[in-house]
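Okay, here's what each chain looks like letter by letter:
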Amino acid sequence: MSIEVLTADVEGGENLQRWAAMGLPIPPSWRIDRSVVADSSAASLTHQLRALPRMFTDDRYWVLQQGPMNADSRRESLLNLDSDESLAAALRSIFDREPGPDHVVIQALPRQQAAGVLFTRHPLRQDLPHMVVEGVVDGSNERQRLIFDDSGRLVHASQAAVPLSQQVDESQLRQLHTRLKQNFDRPQAGEWVFDGEQLWLLQTLPVGSLPEPKEAWTRRAGVGLFNQVETPLWYTLAGRWLKAAFWEPLVEQAGWSRLAKVEPYRRQHSHIYTNCAFFRELQQQHKGAARFVPPAWQQLEIHDDATPVRSRSRLANTVTQWRHRWTLTQLSLDIRHWKEPDVTREGLWRAFMRLDAMGEALSRVDGELAYLTLADALPRYGAPLPLALLATPAELQAVEALARGDLEAVRETSLRPGADPVHAPLNEGPAQAATLNGLQQPGVVSDGQLAQPSEQDTNALRMARTARGLRFAIGNRLRRLLRSMGAIVVEQGMLQHPDDIYFLYFDELWQLWMGQKLPASAGREVIGDRKLRYLDDGLQGAPDWKMDQVGYGFGGGQRLSPLLRGLPLVNGSVEGPIRRVCSAWCLNKIQPGDIVVVDQVEPAWLPWLVQAAGLVIAEQDPANAAASLAVTYGIPAIWSASDVMHSVQDNLQATLDATQGQLDVAAVLEDDNAN
């Protein structure tokens, strides 16, 4: 019996045959039966092996697949052999065992220059769709890691004397990644070797460490909603508004019966997380919702380009836009005609309920724009949107005043850095006002480009901007109302400070106001702990995702990276200290000359961000106001700097080469160097 060549065959008996039929780069392979070895002497077997097609000249070696590593494993045990004689001896040894295999598979390979494993998804982070490559180069035992983002860019590389990224052709790694993703519905770990010209796949198997999560919550949800820490009171107000006005009608209309009694929001680490189960259902009709579900759910559920996604008719879109405009007009009139209530228990509570009703009416528009219309539209744009479509006139005026050095005009505005009533306007003199120092080198010349949205998308963005302004207006009136309410309960000895009222959940506020008694769930120590946690979370950040009770993407820079890469946005090179901004409570740290690192951005932060010497933005989001600001004012910037919020620390000195799209960060603080 002869040695059988394994050809590409979609129904072949060996994995290698099926993988070759998929177009994967499988090396020349053969199947050797027990009878071949039993009927041959050592010399005869060596001669038969040497007579096989002379692949890779005389400088080849053999890979022998010895079978599963253990009874429960799908991974083959691979044995490298450097000569025909060694392979013949290994074959005789394997088939002499009792019990032994009926056959084995061998592969011929050239001398390798590098070898390793390619993971089609990050093996440790369920929140990242990144490809991870681990490997060693010939002559070194140093294990190196390369990480490519979901667009195929190298965003991390281990530092080494002989870098793996220079030894292995990156395009072949990306090509192997694409083919593995196209042919398998589970994340794969592919073992590869590189001979200097060709990348070869030895075997691939599902990544057991990446099961599909049963439950997932995301902090990235919607356009312009919940970008920072929120107090308990604002969470129970804004979350209930969106639940009642947007999610519940949508669930009923779509027939998502299993979500009828499921909560869309929860507050952890002082941030509002959205239940990804809603987006998983939503992405069936709205492809834009896929960015709000974990990578495992995207891979299994998202429509491909060949699958049409039903969209609403032009008439339905027209009716929806008319309804949104009518709602926004009515709310604008209600807010304009708002009068401060009598400072009595009944007067204040009635006014509170009127604002509560306005918030719920507004949330219908907010939800449809943020979760449906804009979520579907934004992936069409590869450049930042015009700043005037994202920021309100008051915010743009503050930025312009700061750019021309009119600091008093900025500090005297009613601009607030968040819709949550806890945020004081600048004319009340909060700590953030003190750091509005003006630009060192103001300018409006930029080599970056802004997107030119369609008329339909422009109208949607304008409505979203109006809705956002109304949300801030409602929050501002709630702030004045709550300060009056807080003063009354402090005078009666039920709270220690008027600001404590923001740290009550709505049901606790109701009990306090109606029962005139602080509930046991909100004792003084409890409120103190809530305030402390809130400020700490505001300065440190929070996980981007919670999946099966595990947090992914923690803030705080626990895992420092010396080199971070992104896409160039505005060319230029600057040096300065790192400043992470994950909420409004970080704004008072920004100084002119800082390299400011941000993720999701509230447009109200622009007067502080415009002082930055450089901007590093985590996502490539055309609706991120920081990106639009950088292009408008010529601030050197990069974006799509994946995971950057978790890879840097405040005050570390850094160099931003925005032209090359990279951020070099010092390993230690300058103060440490001085000692």
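Look up a bit, the structure's there.
Residues numbered from 1 in each chain as written. Predicted model: local features only at pLDDT ≥ 70, side-chain atom pairs only at ≥ 80, totals over all residues. Heavy atoms only, no water.

S.K.: Can you walk me through the overall build of the protein in this structure?
M.R.: When helices and strands are counted, the protein shows 19 helices and 24 strands. A separation threshold of at least 6 residues defines the contact pool for the protein, and within that pool the share at least 24 residues apart is 66%. Averaging the positions of the 66 positive and the 81 negative side-chain charges in the protein gives two centres separated by 6 Å. (Helix = DSSP H or I, 4+ residues; strand = E, 2+ residues; numbered from the N terminus. Contact = heavy atoms within 4.5 Å. Lys, Arg positive; Asp, Glu negative; His and termini not counted. Charge placed at Lys NZ, Arg CZ, Asp CG, Glu CD.)

S.K.: It is not clear to me how the sheet that holds strand β9 (residues 154-157) should be interpreted in this structure. Could you clarify?
M.R.: Strand pairs in the sheet, formed through backbone hydrogen bonds, run parallel or antiparallel to each other. Across the sheet, which stays open at both edges, the 6 strands sit in the order β9-β8-β7-β6-β10-β11 with antiparallel pairing between neighbours. Each having just a single partner strand, β9 and β11 (199-206) make up the two edges of the open sheet. Sheet twist, expressed as the average angle between the axes of neighbouring strands with direction ignored, equals 20°. In the sheet, strand β7 (residues 131-137) pairs with strand β8 (residues 144-148) via 5 bridges, with the strands oriented antiparallel. Opposite Val-132, over in β8, you have Ile-147 as the bridge partner. The strands that helix α6 (residues 170-183) touches are β6 (114-119), β7, β8, β9, β10 (188-194) and β11; relative to β11, the one it contacts most, it runs at about 35°. (Pairing = 2+ DSSP bridges. Axes fitted to C-alpha atoms, helices over the stretch in contact; angles between N-to-C directions.)

S.K.: What is the right way to look at the sheet that holds strand β15 (residues 545-547) in this model?
M.R.: If you walk across this open sheet you meet the 5 strands as β13-β14-β12-β15-β16, and the pairing is antiparallel. Edge positions in the sheet fall to β13 (265-268) and β16 (550-552), since each has one partner strand and no second. Strand-to-strand twist in this sheet, taken as the mean axis angle between neighbours without regard to direction, amounts to 30°. As defined by bridge partners, strand β12 (residues 216-218) adjoins strand β14 (residues 271-275) across 2 bridges and the pair is classed as antiparallel.

S.K.: Help me out: how do you make sense of helix α16 (residues 524-540) in this one?
M.R.: Since one α-helical turn is 3.6 residues long, residues separated by three or four positions face the same way. Its 17 residues give α16 an end-to-end C-alpha distance of 24 Å, which sits within 8% of 24 Å, the value for a rise of 1.5 Å per residue. Within α16, burial applies to Ile-527, Arg-530, Tyr-534, Asp-537 and Gly-538. Take α16 and look down its axis: the buried residues cluster within an arc of 100°, on one side only. Residues of α16 that are exposed and point more than 90 degrees away from the buried face comprise Glu-525 and Leu-532. Its buried side turned inward, α16 meets α7 (232-254), β13, β14 and α15 (506-515). The positive-phi residue at the C-terminal boundary of α16 is Gly-541, with phi of around 95°. (Expected span 1.5 Å × (residues − 1). Buried < 20%, exposed > 50% of the residue type's maximum accessible area, 1.4 Å probe, protein only. Arc of directions from axis to C-beta.)

S.K.: I'm lost on the pairing of β13 in this one. Help?
M.R.: The side chains of a regular strand alternate, first on one face of the sheet and then on the other. The pairing of β13 with β14 spans 4 bridges and is classified as antiparallel. If you follow Gln-268 over to β14, its bridge partner there is His-271. What sits between β13 and β14 in their antiparallel hairpin is a turn of 2 residues, with His-269 showing a positive phi close to 50°.

S.K.: Quick question: what am I supposed to make of empty space enclosed by the protein here?
M.R.: Here the idea is plain: a probe the size of a water molecule rolls over the atoms and shows the empty space left. One pass over the structure, following the stated rule, counts 4 cavities of 30 Å³ or more. Put simply, the largest cavity is a space of about 380 Å³. Around the largest cavity, the lining is made up of 28 residues, and of these Val-223, Gly-224, Leu-225, Asn-227 and Ala-623 lie nearest the centre. Looking at the lining of the largest cavity, the elements that each hand over two or more residues are α11 (345-377) and α14 (455-491). In the lining of the largest cavity, the residues fall into 15 nonpolar, 5 polar and 8 charged. Its boundaries defined by the atoms lining it, the second largest cavity holds a volume of some 170 Å³. Forming the walls of the second largest cavity are 20 residues, and the residues nearest its centre are Leu-225, Phe-226, Trp-234, Ala-419 and Arg-471. For the lining of the second largest cavity, the secondary-structure elements that each account for two or more residues are α7 and α11. Grouping the amino acids of the lining of the second largest cavity by side-chain chemistry returns 8 nonpolar, 7 polar and 5 charged. (1 Å grid on protein atoms, 1.4 Å probe; cavity = no way out; pocket = protein on both sides within 12 Å on 5 of 7 lines; lining within 4 Å. Points joined across faces, edges and corners; volume = space filled by probe spheres on them. Nonpolar A, V, L, I, M, F, W, Y, C, P; charged D, E, K, R; others polar.)

S.K.: What am I meant to see in the pattern of salt bridges here?
M.R.: Here the structure, examined in full by the defined rule, presents 33 salt bridges. Arg-468 serves as the salt-bridge partner of Glu-395, at 2.5 Å between the closest nitrogen and oxygen. Placement of the pair is Glu-395 in helix α12 (residues 393-403) and Arg-468 in helix α14, with a sequence separation of 73 residues. A relative accessible area of 6% places Arg-468 in the buried class. A salt bridge links Arg-579 to Asp-594, with the shortest nitrogen-to-oxygen separation between them at 3.1 Å. Note that Arg-579 is positioned in strand β19 (residues 573-581) and Asp-594 in the loop between β19 and β20 (595-598), a separation of 15 residues in sequence. (Salt bridge = Lys/Arg side-chain N within 4 Å of Asp/Glu carboxyl O.)

S.K.: For this particular structure, what's the right way to read unusual backbone geometry?
M.R.: Trans is the prevailing form of peptide bonds, just as negative phi is the prevailing case for residues other than glycine. With a phi close to 55°, Gln-516 is a non-glycine residue in the positive phi region. Considering the arrangement of structural elements, one finds Gln-516 in the loop between α15 and α16.

S.K.: Which parts of the structure should I look at to understand the nonpolar core?
M.R.: The nonpolar side chains of a soluble globular protein tend to be buried, and buried together. Residues Phe-352, Tyr-371, Met-485, Leu-609 and Leu-663 are the most contacted members of the largest nonpolar core, which totals 150 residues. Residue contributions to this core peak at 15 residues, all from α14. Ignoring any residue separated from it by four or fewer positions in sequence, one finds Tyr-371 in contact with Ala-221, Gly-222, Leu-225, Phe-226, Leu-242, Phe-246, Trp-247, Tyr-265, Thr-274, Phe-279 and Leu-282. Among the nonpolar cores identified, the runner-up in size contains 24 residues, and Val-133, Leu-146, Phe-184 and Leu-199 belong to it. (Core = buried A, V, L, I, M, F, W, Y, C linked by side-chain atoms within 4.5 Å.)

S.K.: In this structure, what is going on with the pairing of β14? I would like to understand it.
M.R.: With 5 of 5 residues buried, β14 is to be regarded as a mostly interior element. Here β14 shows a buried face lined by His-271, Tyr-273 and Asn-275 and a second buried face lined by Ile-272 and Thr-274.

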